[in-house]
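Notes for the structure review
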Amino acid sequence: MINFSRLLKVRETARDVEKHHNKRADEVPKHLIRYSNVKAPMVSWNITRKCNFSCDICHLDSALEAESDELTTREAIEFIDQMASVKVPMISVYGGEPLTREDFFTLAGHAHKKGLRVILSSNAALITEKTAREIAESGISYVGIDMDGFSQIGGAMDVIAGLEKALPAMGYLKDAGVGCGVRITIGNFNLSQMSSIIKAIENAGLKRFAVCQHFGGRDWKAVKEERRGIIDFLIDYAMKNPEMEVVTEQLYDDGVYLLLRVAEREPELAAEMKKLLARQGGCPAGDRIVNVDYRGNVHLCPYWKSRTIGNIREQRFGDICFDDENEILAKMSDKTQYLKGRCGRCKYNHLCRGCGARAEEMCGDPFGADPACYLTEEEITEAVPITSNT
């Protein structure tokens, strides 16, 4: 994720980063973990495949029923214990829809007792007043509402209508003292509505939204042109609306593009932003984040299911993540020296590191060029003047 708002407030963010640099994982605020000195990876955990929606656009390979070989309650609790033992800084719980698991609050409560920080990704359809209180009581302080489910009721993607349907759940969470934001999907089917969608987000009283672009097997040239337009719009919005937290997903070159935009007007501010982006380190796959699916398979990231580095039913989680003999893990920790093609010659590859999942899918090489990168050849090879007084 690239958080435009916190990067634009770079001086404030940098002070907070320094303040928490050497603190334990549980002492670092969740929005600063990506910049911290924490050794264990964050975990994206798909705890079930089951979902109460059946969306045409689904980022999670969900189904209407759970798989028969999903982790049992006992196995899930043991996994939580293992995450606690290696001091995982944060667990992002996904599905399917996590709330369809009958033992969800047992697992969340156990994680909280173990000192683990859990955030929940939910489509919000199952969040009642009672459920919101249970979420709060289980120690979860933030829920990211994925709008795809509510937005696709009736067929076409209608984010504005989806937001209206999610309002009761948002109210219940607010009353329970649980923070929330939304994740929206933007594509050629609703690009023209972006202004209206964000206005609806504002009207809902939300202070944070994340944008995911729909690729859907489309031509990469069209995707990149569309992405650049989306990001220009979001950067302009974030600059004018500092009270709203604006986040993008999928592409870490969004951070580089923001840097280039800022450098045109404020090179000194850009210099500080560059340091912060370097500290974040670009795509964290296999280094600062791993994904664990409902069967216990450990993947390099949520989008890279073709790369499995172990299974928690067969090995301890710490042994999988800290395996010094695993070649792909070793390379992912210092990825820039292995990058090839456009990513290899990019002057900013240490700030982005490309997407290994997309590169491997398109050209068979996880260190090849990221096909979704929308930066021009000039932008990746010609250094923009970025100066600092320090």
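As a convention, each chain's residues are numbered from 1 in the sequence order in which they are written. Only residues with pLDDT of at least 70 are given local features in this predicted model, and only at 80 or more are side-chain atom pairs given and counted; all residues enter the totals for whole chains, interfaces and linings. Water and hydrogen atoms were dropped before computing side-chain values, which therefore reflect all heavy atoms in the structure.

1. What about unusual backbone geometry?
In the segment running from glycine 95 into glycine 96, the intervening peptide bond is cis, with an omega of 5°. With respect to the element layout, glycine 96 can be found in the loop between strand S3 (91–94) and helix H4 (104–113). Located in the positive-phi region is arginine 353, a residue other than glycine, with phi close to 70°. Its location among the elements puts arginine 353 in the loop between helix H15 (349–352) and helix H16 (356–363). You can call arginine 353 buried: its relative accessible area is 6%. By definition, any uninterrupted DSSP run of H or I lasting at least four residues is a helix, any uninterrupted run of E lasting at least two residues is a strand, and each is numbered from the N terminus. The rule is simple: take the accessible area with a 1.4 Å probe, protein chains only, and divide by the maximum for that residue type; under 20% is buried, over 50% is exposed, in between is partly exposed.

2. Structural notes on the sheet that holds strand S8 (residues 245–248)
Within a sheet, each strand pairs with its neighbour through backbone hydrogen bonds, oriented either parallel or antiparallel. With mixed pairing, the 11 strands of this open sheet are ordered in space as S1-S8-S7-S6-S5-S4-S3-S2-S9-S10-S11. The sheet is open, and its two borders are formed by strand S1 (2–3) and strand S11 (308–311), each paired with just one other strand. Any two strands with at least two DSSP-identified bridges between them are counted as paired. Relative to strand S5 (residues 142–146), strand S4 (residues 118–122) is paired through three bridges, and the arrangement is parallel. Directly across from leucine 120, in S5, lies its bridge partner valine 143. Note on contacts: a residue pair is in contact if any heavy atoms of the two residues lie within 4.5 Å. Between N-to-C directions, angles span 0 to 180 degrees; the directions come from axes that are lines fitted to C-alpha atoms, helices contributing only their stretch in contact. Helix H8 (residues 194–203) contacts strand S6 (179–186) and strand S7 (208–213) of the sheet and is inclined by roughly 170° relative to S6.

3. A few points about the nonpolar core
Within the largest apolar cluster, 118 residues are counted, with the highest numbers of intra-cluster contacts made by Trp45, Met83, Val182, Phe209, Leu234 and Phe317. Excluding its chain neighbours within four sequence positions, the residues that come into contact with methionine 83 are Val43, Trp45, Val88, Ile91, Leu116 and Phe317. Side-chain atoms within 4.5 Å are what join buried Ala, Val, Leu, Ile, Met, Phe, Trp, Tyr and Cys residues into a set we call a nonpolar core.

4. A word on the state of the cysteines
For the purposes of this analysis, a disulfide is any pair of cysteine sulfur atoms at a distance within 2.5 Å. Throughout the structure, instances matching the rule amount to zero disulfides. Lacking any disulfide linkage, cysteine 301 is separated from the closest cysteine sulfur, that of cysteine 283, by 6.0 Å. Of all cysteine sulfurs, the one in cysteine 343 lies closest to cysteine 373, which takes part in no disulfide; the gap is 6.2 Å.

5. So, H4
Residues of H4 that are buried include every one of Phe104, Leu107, Ala108, Gly109, His110 and Ala111, and no others. Contact partners of the buried residues in H4: helix H3 (73–85), S3 and S4.

6. Section: the pairing of strand S9 (residues 289–292)
Of the two faces of S9, both are covered, the one formed by Ile289 and Asn291 as well as the one formed by Val290 and Val292. Bridging between S9 and strand S10 (residues 297–299) involves two bridges; their strand directions are antiparallel. Across the sheet, residue asparagine 291 finds its bridge partner in S10, namely histidine 299.

7. A word on the side chain of histidine 299
Take histidine 299: it is sitting in strand S10. Note on histidine 299: relative accessible area 3%, which makes it buried. Any N or O atom pair separated by 3.5 Å or less is treated as a polar contact, with the protein-specific requirement of one donor-capable and one acceptor-capable atom, and with residues adjacent in sequence counted only for side-chain atom pairs. In terms of polar contacts, histidine 299 uses its side chain to reach the backbone carbonyl oxygen of arginine 307, at 3.4 Å. Discounting residues that sit within four places of it in the chain, histidine 299 has contacts with Val290, Asn291, Asp293, Trp304, Lys305, Arg307 and Thr308.

8. Some words on the packing of aromatic side chains
Pairing of aromatic rings covers Phe, Tyr and the six-membered ring of Trp, with a centre-to-centre limit of 6.5 Å; geometry is then stacked below 30 degrees between planes, edge-to-face above 60, and tilted otherwise. The final tally for this structure, using the stated rule, is eight aromatic pairs. Judged by centre distance (4.9 Å) and plane angle (90°), the ring pair of tryptophan 45 and phenylalanine 79 falls under edge-to-face. In this pair, tryptophan 45 sits in strand S2 (residues 42–46) while phenylalanine 79 sits in helix H3, placing the two residues 34 residues apart along the sequence. On the basis of an interplanar angle of 75° and a centroid distance of 5.4 Å, the ring pair of phenylalanine 79 and phenylalanine 317 is categorised as edge-to-face.

9. Brief notes about empty space enclosed by the protein
Points on a 1 Å grid over protein atoms alone make up a cavity when a 1.4 Å probe fits among them but cannot get out, and a pocket when they form an open set with protein on both sides within 12 Å along at least five of seven lines; lining residues each have an atom within 4 Å of a point. Grid points are joined across faces, edges and corners, and a volume is the space filled by probe spheres set on the points. Inspection of every chain in the model, using the stated rule, returns four cavities of 30 Å³ or more. Taken together, 13 residues line the largest cavity, and the ones lying closest to its centre are Asp253, Cys343, Cys346, Cys352 and Cys373. Contributing elements (two or more residues each) for the lining of the largest cavity: helix H14 (341–345) and H15. As a working rule, the residues Ala, Val, Leu, Ile, Met, Phe, Trp, Tyr, Cys and Pro are called nonpolar, Asp, Glu, Lys and Arg charged, and the rest polar, with Gly in that last group. The residue inventory of the lining of the largest cavity, partitioned by class, reads seven nonpolar, two polar and four charged. Here the second largest cavity defines a volume of roughly 70 Å³. Together, Trp45, Ile47, Ile80, Ile91, Val93, Phe104, Leu107, Ala108, Ala111 and Val118 line the second largest cavity. Elements supplying a minimum of two residues to the lining of the second largest cavity: S3 and H4. At four residues, the largest contribution of residues to the lining of the second largest cavity is made by H4. Of the residues contributing to the lining of the second largest cavity, the split by class is 10 nonpolar, no polar and no charged.

10. A word on the side chain of glutamate 245
With respect to the helices and strands, the residue glutamate 245 is situated in strand S8. Relative accessible area serves as the criterion here: at 15%, glutamate 245 is assigned to the buried category. One polar contact links glutamate 245 to asparagine 3, side chain to side chain, over a distance of 2.7 Å. At a separation of 3.5 Å, a polar atom in the side chain of glutamate 245 contacts the side chain of arginine 208. What glutamate 245 contacts, discounting residues up to four positions off in sequence, is Asn3, Ser5, Arg6, Lys207, Arg208 and Phe209.

11. A few points about a negative patch on the surface
Nonpolar side chains (Val, Leu, Ile, Met, Phe, Trp, Tyr) within 5 Å and like charges within 9 Å form the patches, drawn only from residues with over 30% relative accessible area and no salt bridge. Accessibility throughout is a Shrake-Rupley quantity obtained with a 1.4 Å probe, and a residue counts as covered only by protein chains that appear here. Salt bridges, as used here, are contacts in which a Lys or Arg side-chain nitrogen is within 4 Å of a carboxyl oxygen on Asp or Glu. Charge counting follows a simple rule: Lys and Arg are positive, Asp and Glu are negative, and His as well as the terminal groups are ignored. Lysine's charge is taken at NZ, arginine's at CZ, aspartate's at CG and glutamate's at CD. Residues Asp319, Asp323, Asp324 and Glu325 make up a contiguous surface patch of negative charge. Counting through the fold element by element, aspartate 319 comes out in helix H12 (residues 317–321). A relative accessible area of 47% places aspartate 319 in the partly exposed class.

12. Structural notes on the environment of isoleucine 386
As for its position among the elements, isoleucine 386 is in the segment after helix H17 (377–381). Sequence separation between isoleucine 386 and methionine 273 is 113 residues, and the spatial gap between their C-alpha atoms is 9.9 Å. Setting aside anything within four residues of it in sequence, one finds isoleucine 386 in contact with Leu259, Ala263, Pro267, Ala270, Ala271 and Lys274.

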